[in-house]
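Notes for the structure review
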Amino acid sequence: MDLSAIVADIAAEMAEAPDRGKPADYIPALAGIDPHRFGIAIVEADGQCHLAGDAEESFSIQSISKVFALTLALGAVGDQLWRRVGREPSGTAFNSIVQLETESGIPRNPFINAGAIVVADMLLGGYEPREAIGEMLRFVRALAGEDDIVIDAAVAQAEMETGHRNQALAHYMRAFGNLHHPVDRVLGVYFHFCALAMSCRQLALAGRYLMARGVNPGTGRSVVSPQRARRINALMMSCGHYDGSGEFAFRVGLPGKSGVGGGILAIVPGRASIAVWSPGLNARGNSQLGTLALERLVQRTGWSVFDPQAG
Ligand SMILES: NC(=O)CC[C@H](N)C(=O)O
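These numbers were taken from a predicted model, which means no experiment stands behind them. (Residues numbered from 1 in each chain as written. Predicted model: local features only at pLDDT ≥ 70, side-chain atom pairs only at ≥ 80, totals over all residues. Heavy atoms only, no water.)

1. With respect to the environment of Asp243
For clarity, the threshold we go by: Numbering goes from the N terminus for both helices and strands, where a helix is a DSSP run of H or I of at least four residues and a strand is a run of E of at least two. Per-residue accessibility, obtained with a 1.4 Å probe over protein chains only, is compared with the maximum for each type, and a residue is labelled buried under 20%, exposed over 50%, and partly exposed between these values. Whether two residues touch is decided by their heavy atoms; if any such pair falls within 4.5 Å, the residues are in contact.
Here Asp243 is to be found in the loop between α12 (226-239) and α13 (245-251). On the basis of relative accessibility, which here comes to 26%, the residue Asp243 falls in the partly exposed class. Filtering out sequence-adjacent residues up to four positions away, Asp243 remains in contact with Gly91, Thr92, Ala93 and Arg284.

2. Details of the UniProt feature "binding site: substrate" (unreviewed entry) in the protein chain
Note the cut-off: UniProt positions are given in the numbering used here, feature names are shortened, and annotations may be inferred rather than shown by experiment. Detection works on a 1 Å grid of protein atoms alone, calling trapped sets that fit a 1.4 Å probe cavities and calling open sets with protein on both sides within 12 Å along at least five of seven lines pockets, with lining residues defined by an atom within 4 Å of a point. Distance and chemistry together define a polar contact, namely a pair of N or O atoms within 3.5 Å, with one atom able to donate a hydrogen and the other to accept it when in protein, and with adjacent residues in sequence counting only for side-chain atoms on both sides.
In the numbering used here, UniProt assigns the feature "binding site: substrate" (unreviewed entry) to Ser63, Asn113, Glu159, Asn166, Tyr190, Tyr242 and Val260. Checking the named residues against the largest pocket, the ones that line it are Val260. Positionally, Ser63 belongs in the loop between β3 (59-60) and α3 (65-77). In this structure Ser63 comes out as buried when scored by relative accessible area, which is 6%. Among all residues touching Ser63, those that are not within four sequence positions of it are Asn113, Tyr242, Lys257, Ser258 and Gly259. Looking at the element boundaries, Tyr190 is found in helix α9 (residues 183-194). Not counting residues up to four positions away in its chain, the partners in contact with Tyr190 are Lys66, Asn113, Ala116, Ile117, Ala120 and Asn166. Within the structure, Tyr190 has its side chain in polar contact with the side chain of Asn113 (distance 3.1 Å).

3. Some words on the packing of helix α1 (residues 3-16) against helix α14 (residues 288-301)
Where we set the bar: Interaxial angle, 0 to 180 degrees, is taken between N-to-C directions of lines fitted to C-alpha atoms, where a helix line uses only the stretch in contact. Whether a crossing is left-handed or right-handed is set by the direction in which the near helix is turned from the far one by less than a right angle, anticlockwise for left-handed and clockwise for right-handed. Nonpolar residues are Ala, Val, Leu, Ile, Met, Phe, Trp, Tyr, Cys and Pro. Charged residues are Asp, Glu, Lys and Arg, and all others, Gly as well, are polar.
One can describe the packing of α1 onto α14 by two numbers: an axis separation of 10 Å at closest approach and a directional angle of 145°. The two elements α1 and α14 meet at a crossing, and its hand is right-handed. Contacts between α1 and α14 pair Leu3, Ile6, Asp9, Ile10, Glu13 and Met14 from the former with Leu289, Leu292, Ala293, Arg296, Leu297, Arg300 and Thr301 from the latter. Class assignment for the residues of the contact of α1 with α14 results in eight nonpolar, one polar and four charged.

4. Considerations on the layout of surface pockets
Quick note on the threshold: Grid points are joined across faces, edges and corners, and a volume is the space filled by probe spheres set on the points.
Taken as a whole, the largest pocket encloses approximately 200 Å³ of empty space. Tyr26, Phe94, Leu281, Asn282 and Gly285 are the residues nearest the centre of the largest pocket, which is lined by 15 residues in total.

5. Remarks on the packing of aromatic side chains
To be explicit about the condition: Here the aromatic set is Phe, Tyr and Trp, taking the six-membered ring for Trp, and pairing holds for ring centres within 6.5 Å; pairs whose planes are under 30 degrees apart are stacked, those over 60 apart are edge-to-face, and all others are tilted.
Under the definition given, this model contains five aromatic pairs. A centroid spacing of 6.1 Å and a plane angle of 40° characterise the contact between Tyr26 and Phe94, whose relative ring orientation is tilted. Here Phe94 lies in the loop between α3 and α4 (98-102) and Tyr26 lies in the loop between α1 and α2 (28-31), a separation of 68 residues in the sequence. Aromatic rings pair up to connect Tyr26, Phe94 and Tyr242 into one cluster.

6. A word on the site of the ligand
Rule in force here: One heavy atom suffices: a residue is near a molecule or strand as soon as one of its heavy atoms comes within 4 Å of it. The protein chains shown are the only cover counted for residues, whose accessible areas, like all others here, come from Shrake-Rupley with a 1.4 Å probe.
Every one of the 13 residues lining the ligand counts as a neighbour, but Tyr26, Gln62, Ser63, Glu159 and Tyr190 are closest to it. Note that an oxygen atom of the ligand is positioned 3.0 Å from one of the side-chain N or O atoms of Asn113. The side chain of Tyr190 places a nitrogen or oxygen atom 2.7 Å from an oxygen atom of the ligand. Within the complex, 100% of the 300 Å² of free accessible area of the ligand lies under protein. Within the shell around the ligand, the residues separate by chemical class into six nonpolar, five polar and two charged.

7. Structural notes on the sheet that holds β3
Applicable threshold: By the convention used here, strands pair only if DSSP detects at least 2 bridges between them.
Strand order in this open sheet of three strands is β3-β5-β4, and the pairing throughout is antiparallel. Strands with a single pairing partner mark the edges of an open sheet, and in this sheet they are β3 and β4 (150-151). Judged from the two bridges that link them, β4 and strand β5 (residues 196-198) form a sheet pairing that is antiparallel. Across the sheet, the residue bridging to Val150 is Ala197, located in β5.

8. Topic: a positive patch on the surface
Keep this limit in mind: For patches, a residue must show more than 30% relative accessible area and have no salt bridge; joins then use 9 Å for like charges and 5 Å for nonpolar side chains, namely Val, Leu, Ile, Met, Phe, Trp and Tyr. Here a salt bridge means any side-chain nitrogen of Lys or Arg lying within 4 Å of a carboxyl oxygen belonging to Asp or Glu. Charged residues are defined here as Lys and Arg on the positive side and Asp and Glu on the negative side; His and the ends of the chain fall outside this count. One atom stands in for each charge, and that atom is NZ of Lys, CZ of Arg, CG of Asp or CD of Glu.
On the surface, Arg87, Arg213, Arg230 and Arg231 cluster together into a patch of positive charge. Inspection of the secondary structure puts Arg231 in helix α12. For Arg231, a relative accessible area of 45% translates into the label partly exposed.

9. So, the sheet that holds strand β2 (residues 49-53)
Pairing is antiparallel in the open sheet, where five strands are placed in the order β2-β1-β10-β9-β8. With one partner strand each, in any of the chains shown, β2 and β8 (256-258) form the two edges of the open sheet. Put simply, the sheet's adjacent strands are angled 10° from each other on average, direction ignored. In this sheet, strand β9 (residues 263-268) lies alongside β8 in antiparallel orientation, the contact comprising three bridges. In the strand pairing of β9, Gly256 is matched with Ala266.

Rendered as structure tokens:
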């Protein structure tokens, strides 16, 4: 299988795609991004890397950071985390507030905004926001093995000024006692995580531990136990695309996590870590062409967690 030719073909097909979705405009700093951008990066278990399109261009990873935040928080507080955040798909939009009322301020899962805000509260622990943010940056740099990954302060600032729904979610959960720190401090941490800027290549590198039973192949060190890596993948499959998670599992059949910046991280356990990026979103806030590209990739490779022998 010539993966380099496959990614090149997919990038060429995506360049011609007529329906590119619409970039998120509720975060002003993201609204102006050119919908013609498309990048794809695959890092295989043996370290081979295949890039096409705008794979080296940095974009705002947004909710994909929720995977890295969950990983860090599980390391910090362990399975107690699940007392404050659930593990069920929400079936609602990423920024929905409706379930919080009947479910006593416990978010359905760590990959919707409410859940990730609780995770940010846990990572804040007894630290200053800048320390928690610095820890995340160091973590992601170590996962990718690249020191030039940064947080886009302008994107974080824009969300601090306009993120009224996230403020509402945070205050609502604080009223239930499920946020332990002041809302502005927690959201400062959450928005800076979302504002991590990475290329497809860097993101695919950062995701390697999820294809490699919790070990970062770049360093040979364990990031999480094999069981935790499996569970994070399970949550990505069931919850990583919000109310589009079922559709993503049906079309792509891999654990995946999307962000409103138009990126998707997808994992083929034992085989590959994949990142795609195209800023136009579908109605559920997931990358329109990113999803299509992954669908074409799995058709050509046979990759699926539901048929590990194929491909
Ligand atoms: N789906 C997303 O990527 C959402 C993240 C975004 N920063 C928000 O809080 O609204």
